[in-house]
Amino acid sequence: QVQLVESGGGLVQPGGSLRLSCAGSGFALGNNAMGWVRQAPGKEREGILCINRSGGVTRYTDSVLGRFTISRDIGKNTVYLEMNSLKPEDTAVYYCGWSRYYYCTQSSSYDSWGQGTQVTVSS
């Protein structure tokens, strides 16, 4: 059974940085695509970045271009989201997702989710 646990969220000032982690179990990270989505209050869930089996990255929103990076440590079965130059509009609950496919889907869809971690950007 796939299980995902996110960590690393918190309160940060505008312009600050955070690194989110998503530790997985029940699967081997190098076989599947994984990614990050976020959901702000009153808004729909938004895909951010996805990394496929080969390490290729798909970006779903231009709002994180040049600021957010996805990476993974296959040995630790962990995916990371490095977030820099954070803005108040980045405030949301961030979720990592696991896909049964080896590629990143066009719709940023996933088959298993973590519990989410809150990121709040505020002065």
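This is a predicted model, so every value here is computed, not measured.

Chemist: For this particular structure, what's the right way to read the sheet that holds strand β7 (residues 68–73)?
Modeler: The strands making up a sheet are joined through hydrogen bonds of the backbone, oriented either antiparallel or parallel. Taking strand neighbours across the sheet as the criterion, the four strands line up as β1-β3-β8-β7 in an open arrangement whose pairing is antiparallel. In the strand order of this sheet, the two ends are held by β1 (3–7) and β7, each with one partner. Along the sheet, successive strands turn relative to each other by an average axial angle of 15°, direction set aside. Sheet topology note: the strand β3 (residues 18–25)/strand β8 (residues 78–83) ladder contains six bridges and is antiparallel. Within β8, the position partnered with Arg 19 by the bridge is Glu 82.

Chemist: Help me out: how do you make sense of the state of the cysteines in this one?
Modeler: Here a disulfide denotes a covalent bond joining the sulfur atom of one cysteine to the sulfur atom of another. All chains considered together, the criterion is met by two disulfides. The residue that forms a disulfide with Cys 50 is Cys 104, at a sulfur-sulfur distance of 2.0 Å. Between Cys 50 and Cys 104, the disulfide has an S-S torsion of -85° and is therefore left-handed. A residue pair is termed long-range when its members are at least 10 positions apart, and Cys 50 in strand β5 (residues 46–51) and Cys 104 in the loop between β9 (92–98) and β10 (112–113) qualify at 54 residues. According to the relative accessible area criterion, Cys 104 is buried, its value standing at 15%. Look at the chain and number its bonded cysteines as they come in the sequence; the links are 1-3, 2-4.

Chemist: Got a minute to help me understand the side chain of Ser 112 in this structure?
Modeler: Tracing the backbone shows Ser 112 in strand β10. Under the relative-accessibility criterion, Ser 112 is labelled buried at 18%. Each residue touching Ser 112, except ones within four places of it in the same chain, is listed here: Val 2, Leu 4, Cys 96, Gly 97 and Trp 98.

Chemist: What is the right way to look at the nonpolar core in this model?
Modeler: In terms of nonpolar packing, the biggest core is built from 27 residues, with Trp 36, Phe 68, Leu 81, Met 83 and Tyr 94 touching the most fellow members. Mapped onto this core, the elements with two or more residues apiece are β3, β4 (34–39), β5, β7, β8, β9 and β11 (117–121). The greatest single-element share of this core, amounting to four residues, is contributed by β9. Core analysis: the next-biggest nonpolar cluster, separate from the first, contains six residues, Cys 50, Tyr 95, Cys 104 and Tyr 110 among them.

So, how was this worked out
Residues numbered from 1 in each chain as written. Predicted model: local features only at pLDDT ≥ 70, side-chain atom pairs only at ≥ 80, totals over all residues. Heavy atoms only, no water. Pairing = 2+ DSSP bridges. Helix = DSSP H or I, 4+ residues; strand = E, 2+ residues; numbered from the N terminus. Axes fitted to C-alpha atoms, helices over the stretch in contact; angles between N-to-C directions. Disulfide = S-S within 2.5 Å. Buried < 20%, exposed > 50% of the residue type's maximum accessible area, 1.4 Å probe, protein only. Contact = heavy atoms within 4.5 Å. Core = buried A, V, L, I, M, F, W, Y, C linked by side-chain atoms within 4.5 Å.

Everything listed here is a matter of geometry and, on its own, says nothing about what the molecule does.
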